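# Breakdown of the fold
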Amino acid sequence: MAAPILQVKDLKTQFFTDDGVVKAVNGVSFDLYPGETLGIVGESGCGKSVTALSILRLVQEPGRIVNGQILFKGDDLLELSNEEMRELRGKDIAMIFQDPLSSLNPVLKVGFQVEEAMFAHDRVNKKNALSRAIELLKQVRIPAASSRVKDYPHQFSGGMRQRVMIAMGLANKPSILIADEPTTALDVTVQAQILELLRDLNRDTRTAIIMITHNMGVVAGLCQRVIVMYAGQIVEEGPVHQIFHNPQHPYTWSLLRSIPRLDSDRHDRLLSIEGLPPDLISPPRGCKFNPRCQFRIDRCLREDPPLLDVGPDQRAACWVTMDRALKHKEPAVGG
Ligand SMILES: Nc1ncnc2c1ncn2[C@@H]1O[C@H](COP(=O)(O)OP(=O)(O)O)[C@@H](O)[C@H]1O
Ligand SMILES: [Mg+2]
């Protein structure tokens, strides 16, 4: 396998608030390979967005990255100057957000904004810029792209605006696209279309995608590998087909059980997991999931489980699973 394009190592990002220190990301490590589609899944407040913002060094005050390395093609982004980091954003690593309206300027034509996204790093002449902008809008399958470049954001539907954001994200052919809940605000049909688009773009351009979502269904629709986050930590990771068929962490099981059904409006309410993720200023001792876990044993209340191998390329942080996994391995070790 090729070398990872991105390596996040023991990332810790904290917010220094009046109420205390919020440990939003607490020792996250993972690799992303060129052209890969990686999902980061977990309920709201688990540290997914802060992980993404940390990678791009966009964490705002009172937040700070307090530990770790973020290696992009081997270089630590945390050691770049602000200028170098600005150069890299959009060009090498692009990011799109849940709400395209807040990222688009309402008084500027869409085509102009796509051109601006290109100009930020690339000095093409104006005529080329327009045709390239149209080409990009065609690439994200916006119908009648050559006339729609003259429209304003409010003239586009939510799904079409998200396509514009994807076009802007891809304007400089980045090697990584980070998409933070890009389909959450869209209805299910449009959501499926955007996922299909991202799948096709990943296949055609080989841009690696980090898809951040609270919905395991979105992971199934796009990703090859998935990281499950809970309370600022990774609790399970592995190939998507394996995680779906053989999840090892009780939190992963809960997420899989709560996949929103396509035929219901009330999905999130009906099938949500009992209880809430912990407050990250003073999380519970031991495993952070223990107050909500129906399988917990005494050890879970005392010690935080490490992330360990539980299968081929699959790791989980759970004492109950670990116990079983170790027993399972014993004969092999002995023989
Ligand atoms: N600006 C901030 N100030 C204080 N706490 C924050 C700030 N931004 C995020 N957090 C906290 O960091 C944790 C992780 O948040 P986030 O990464 O946005 O979660 P997710 O994207 O998984 O929903 C949450 O507990 C959240 O309250
Ligand atoms: Mg978020």
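Residues numbered from 1 in each chain as written. Chains lettered and ligands numbered in written order. Predicted model: local features only at pLDDT ≥ 70, side-chain atom pairs only at ≥ 80, totals over all residues. Heavy atoms only, no water.

If you trace the backbone, Leu308 turns up in strand β11 (residues 308-311). Take Leu308: its relative accessible area is 38%, and that puts it in the partly exposed class. Sequence separation of Leu308 and Ala208 is 100 residues, and the distance between their C-alpha atoms is 25 Å. In this view, Leu308 contacts Gln314, Arg315, Ala316 and Met322; residues no more than four positions away in its chain are not counted. (Helix = DSSP H or I, 4+ residues; strand = E, 2+ residues; numbered from the N terminus. Buried < 20%, exposed > 50% of the residue type's maximum accessible area, 1.4 Å probe, protein only. Contact = heavy atoms within 4.5 Å.)

This part covers the domain arrangement of the protein chain. Structurally, the protein chain comprises domain 1 (6-92 + 174-334) and domain 2 (93-173). Summarising the inter-unit geometry, the C-alpha centres of domain 1 and domain 2 are found 29 Å apart. Each partner contributes to the interface: domain 1 provides 34 residues, whereas domain 2 provides 19 residues. Both faces considered, domain 1 and domain 2 share a buried interface measuring about 2,300 Å² in area, 67% of it formed by carbon and sulfur atoms. At the surface where domain 1 touches domain 2, the tally comes to one salt bridge. Residues Arg141 and Asp200 are paired through a salt bridge, measuring 2.4 Å at the closest nitrogen-oxygen approach. Our enumeration of links across domain 1 and domain 2 arrives at nine residue pairs in polar contact (both at pLDDT 80 or more). When residues of the side of domain 1 that touches domain 2 are traced back to their parent elements, those giving at least two are α1 (48-55), α2 (82-88), β7 (176-180) and α8 (188-205). Counting residues per element, the side of domain 1 that touches domain 2 draws most heavily on α8, at eight residues. (Domains from an automatic or database assignment. Buried area = accessible area lost by both parts, 1.4 Å probe. Salt bridge = Lys/Arg side-chain N within 4 Å of Asp/Glu carboxyl O. Polar contact = N/O pair within 3.5 Å; in protein donor to acceptor, adjacent residues only side chain to side chain.)

Moving on, we get to the pattern of salt bridges. Applying the stated criterion across every chain yields a total of 11 salt bridges. Close ionic contact of Arg203 with Asp200 constitutes a salt bridge, the shortest N to O distance being 3.5 Å. Here Arg203 pairs with Asp200, and both are found in helix α8, just three residues apart, close to one helical turn. Of the residues examined, Arg203 reaches a relative accessible area of 52% and is grouped as exposed. Judged by its relative accessible area of 13%, Asp200 falls in the buried class. Each of Arg141, Asp200, Arg203 and Asp204 takes part in a single network of salt bridges with overlapping partners.

Here we have eight strands laid out as an open sheet, ordered β6-β7-β8-β3-β9-β10-β12-β11, and mixed in their pairing. At either margin of the open sheet sits one strand with a lone partner, and together these are β6 (93-96) and β11. Across the sheet, the axes of successive neighbouring strands diverge by a mean angle of 25°, strand direction being ignored. In the sheet, strand β3 (residues 37-41) pairs with strand β9 (residues 225-230) via four bridges, with the strands oriented parallel. Paired with Ile40 across the strands is Ile227, a residue of β9. (Pairing = 2+ DSSP bridges. Axes fitted to C-alpha atoms, helices over the stretch in contact; angles between N-to-C directions.)

Taking 1.5 Å per residue, 14 residues should reach 20 Å; helix α5 (residues 126-139) reaches 20 Å between its end C-alpha atoms and fits that length. All of the buried residues along α5 are Ala129, Arg132, Ala133, Ile134, Leu136 and Leu137. In this fold, the buried residues of α5 make contact with α4 (110-119), α6 (145-148) and α7 (158-170). With its phi angle positive at about 60°, Arg141 sits one or two positions after the end of α5. (Expected span 1.5 Å × (residues − 1).)

Attention now moves to the sheet that holds strand β2 (residues 20-32). Here four strands make up an open sheet; going across it, the order is β2-β1-β4-β5 and the pairing antiparallel. The two strands at the open ends of the sheet, each matched to only one other strand, are β2 and β5 (75-76). Note: strand β4 (residues 63-72) against β5, two bridges, orientation antiparallel. Following the sheet pairing, Leu71 is matched in β5 by Asp76. α1 contacts β1 (6-17), β2 and β4 of the sheet and is inclined by roughly 110° relative to β1.

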